[in-house]
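Okay, here's what each chain looks like letter by letter:
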Amino acid sequence: MAGVDDVFGELFSGVDAVVLFGPSGSYYERFAATEDLEVIVVGTENDVGAETFVELPLEFADVSERVKFGLEGALEQDVIDDGDELACATSVFGEDIDTVSRVRASADAHTGIYDLFARSRAEPEVIKAVLELAIELGKKGQKGKPVGALFIVGDAGKVMNKSRPLSYNPFEKSHVHVGDPIVNVMLKEFSRLDGAFVISDAGKIVSAYRYLEPSAEGVDIPKGLGARHMAGGAITRDTNAIAIVLSESDGLVRAFKGGELILEVDPEAY
Ligand SMILES: Nc1ncnc2c1ncn2[C@@H]1O[C@H](COP(=O)(O)OP(=O)(O)OP(=O)(O)O)[C@@H](O)[C@H]1O
Ligand SMILES: [Mn+2]
């Protein structure tokens, strides 16, 4: 079987680094012990205690998305350079790593997806929690029916100034935070009603039922998306907030920052 080794071996010959996506501890140890080989671990958590680690905001189901995001993060953290050749090892069919792709890192492929989590005003865990909530809501709907929802995360004071209440704010005097299971149940319940949720940098639910009134000037939202997406996208140009939008009509979760669509995920894939 020398032929197989030769041909597949080319996949990782002369690479600048090995990028392990969510490896098990023993898998990582095997590489970490190898001298002269740069090993980068990418995952939602650094549970192998890797020296060089890039955090993923979620376990991207689509492998090319996972690799793309991981490499974008690695570039931003300066652990790899533009043009580096990388052996990216990940799992496609099971829990264990079963696939290696050879990928060249490209600064041109920059999508802003890493910035969305790591360089926003809101804390990364807060953004992650809201994204997970939107995905969960998109998967299950509310009482079996598809629902839409709009979450504006970060820079809450400014967002409040550029919006008005559609109804009384059920979170008025409360000090509750996104990610708390009970709060998530409340948010799902209220998502049947109109308007946006406003969430602070630290994850406090500031308000529900906000009607956003950003200036839509110069916002480049893909055609076919309606008022919810337009308002969500536009407020991220006017403020330092990000918007996470679950569409009632196509079921996708989208994230906007700086007035631009940064991320689009299908909840069904998670
Ligand atoms: N400016 C706004 N601020 C807050 N919420 C809004 C605003 N505009 C629309 N919405 C909310 O979005 C809901 C859906 O509106 P619309 O169908 O136009 O949006 P959409 O972008 O097509 O979203 P979907 O894909 O979910 O249908 C409205 O019922 C309202 O609750
Ligand atoms: Mn619509």
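Not measured: the values here are computed from a predicted model. Counting of residues starts from 1 at the beginning of each chain's written sequence and follows it residue by residue. All chains are assigned letters beginning with A, and all ligands numbers beginning with 1, in the order in which they are written. Local features in this predicted model are restricted to residues of pLDDT 70 or higher, and side-chain atom pairs are both shown and tallied only at a pLDDT of 80 or more, whereas totals for entire chains, interfaces and linings draw on every residue. Side-chain measures were taken over the full set of non-hydrogen atoms in the model, leaving aside hydrogen atoms and water.

Our focus in this paragraph is the overall build of the chain. Numbered from the N terminus, helices here are DSSP runs of H or I no shorter than four residues, and strands are runs of E no shorter than two. Summing up its helical and strand segments, the chain has eight helices and 12 strands in all. Taken over C-alpha atoms, the radius of gyration comes to 21 Å for the chain, in line with the 18 Å a tight globule of 270 residues would show. On the principal axes, the C-alpha backbone points of the chain span a range of 70 × 35 × 30 Å. Burial statistics for the chain: of 270 residues in total, 46% are counted as buried. A separation of at least 24 residues holds for 57% of the contacts in the chain among residues at least 6 apart in sequence. Within the structure as shown, the chain displays about 13600 Å² of accessible surface, and the carbon and sulfur contribution to it stands at 49%. Residues scored as positive are Lys and Arg, those scored as negative are Asp and Glu, and His as well as the terminal groups of each chain are ignored. Where a charge lies is defined by one atom per residue type: Lys uses NZ, Arg uses CZ, Asp uses CG and Glu uses CD. Of the charged side chains in the chain, 25 are positive and 47 negative; the average position of the first set lies 13 Å away from that of the second. With the radius of gyration taken over C-alpha atoms, the globule rule is written as 2.2 Å times the number of residues to the power 0.38. Type-normalised accessible area, obtained with a 1.4 Å probe on protein chains alone, sets the label of each residue: buried when under 20%, exposed when over 50%, and partly exposed for intermediate values. Contacts are residue-level and defined by heavy atoms, with any inter-residue pair within 4.5 Å sufficient. Only the protein chains shown count as covering a residue, and every accessible area follows the Shrake-Rupley method with a 1.4 Å probe.

UniProt positions are given in the numbering used here, feature names are shortened, and annotations may be inferred rather than shown by experiment. Cross-referencing UniProt, the feature "domain: DAC" (unreviewed entry) maps to residues 110–267 in the present numbering. In this annotation, residues 110–267 is assigned 32% helix and 23% strand; the end-to-end C-alpha distance for the span is 23 Å.

Geometry of an aromatic ring pair is reported as the spacing of the ring centres plus the angle between the planes. Working definition: a ring pair exists when centres of Phe, Tyr or Trp rings (six-membered ring for Trp) sit within 6.5 Å. Plane angles under 30 degrees give stacked, over 60 give edge-to-face, the rest tilted. Enumeration over the complete set of coordinates arrives at eight aromatic pairs. Aromatic side chains F151 and F197 sit 5.2 Å apart centroid to centroid with 15 degrees between the ring planes, which places their arrangement in the stacked category. With F151 in strand β6 (residues 149–153) and F197 in strand β8 (residues 196–199), the pair connects residues that are 46 residues apart, well separated along the chain. Taking 6.3 Å as the distance between ring centres and 50 degrees as the angle between the ring planes, the aromatic pair formed by Y168 and Y209 counts as tilted. Here Y168 is found in the loop between β7 (163–165) and α7 (181–190), whereas its partner Y209 is found in strand β9 (residues 205–212), with 41 residues between them in sequence. When its relative accessible area of 57% is taken as the criterion, Y168 is described as exposed. Of the residues examined, Y209 reaches a relative accessible area of 10% and is grouped as buried. Each residue in the set F60, F69, Y114 and F117 is aromatic and connected to the rest through ring pairs, giving one cluster. Ring-over charges, as used throughout, are those where CZ of Arg or NZ of Lys falls within 6 Å of the ring centre and within 35 degrees of the ring normal. The ring centre of Y27 lies 5.4 Å from the NZ or CZ of R30, which sits over that ring.

This paragraph deals with the pattern of salt bridges. Salt bridge criterion: a side-chain nitrogen from Lys or Arg within 4 Å of a carboxyl oxygen from Asp or Glu. If you walk through the whole model with that rule in mind, you get 16 salt bridges. Across the pair R119 and E76 runs a salt bridge, and its minimum N-O distance is 2.6 Å. One end of the pair, R119, is in the loop between α4 (113–118) and α5 (124–140); the other, E76, is in helix α3 (residues 63–76), with 43 residues separating them in the sequence. By relative accessible area, R119 is classed as partly exposed at 46%. One continuous salt-bridge network, built from bridges that share partners, spans E76, D115 and R119.

To continue, consider the pairing of strand β10 (residues 242–246). With five of five residues buried, β10 lies mostly within the body of the structure. Because side chains alternate across β10, one face comprises the buried residues I242, I244 and L246, and the other comprises A243 and V245, equally buried. Pairing of β6 with β10, which is carried by five bridges, proceeds in the antiparallel orientation. Residue A149 lies in a different strand from β10, and its bridge partner there is L246. Strand pairing requires that DSSP identify at least two bridges connecting the strands. The hairpin formed by β10 and strand β11 (residues 253–257) contains six residues between the paired strands, and G251 there has a positive phi angle of roughly 75 degrees.

Around ligand 1, the structure places 14 residues, and the nearest of them are D194, H229, S247, E248 and S249. N or O atoms closer than or at 3.5 Å make up a polar contact, with two conditions inside protein: a donor-capable atom paired with an acceptor-capable one, and, for residues adjacent in sequence, both atoms drawn from side chains. Between an oxygen atom of ligand 1 and a main-chain N or O atom of G226, the distance comes to 3.0 Å. Within the contact set of ligand 1, an oxygen atom lies 2.6 Å away from a side-chain nitrogen or oxygen of H229. The protein chains hide 76% of the 620 Å² of surface that ligand 1 would expose on its own. Cavity: a set of points on a 1 Å grid over the protein atoms alone where a 1.4 Å probe fits but cannot get out. Pocket: an open set with protein on both sides within 12 Å along at least five of seven lines, its lining residues, like those of a cavity, having an atom within 4 Å of a point. Molecule-in-pocket calls rest on the fraction of atoms, with more than half required to lie within 2 Å of the cavity or pocket grid points. Judged by the fraction of its atoms near the pocket grid, ligand 1 is located in the largest pocket. Going through the elements one at a time, β9 and α8 (227–238) are the ones with two or more residues in the shell around ligand 1. For the shell around ligand 1, the leading source of residues is α8, giving four residues. Grouping the amino acids of the shell around ligand 1 by side-chain chemistry returns five nonpolar, five polar and four charged. One heavy atom suffices: a residue is near a molecule or strand as soon as one of its heavy atoms comes within 4 Å of it. Classes in brief: Ala, Val, Leu, Ile, Met, Phe, Trp, Tyr, Cys and Pro nonpolar; Asp, Glu, Lys and Arg charged; the others, Gly included, polar.

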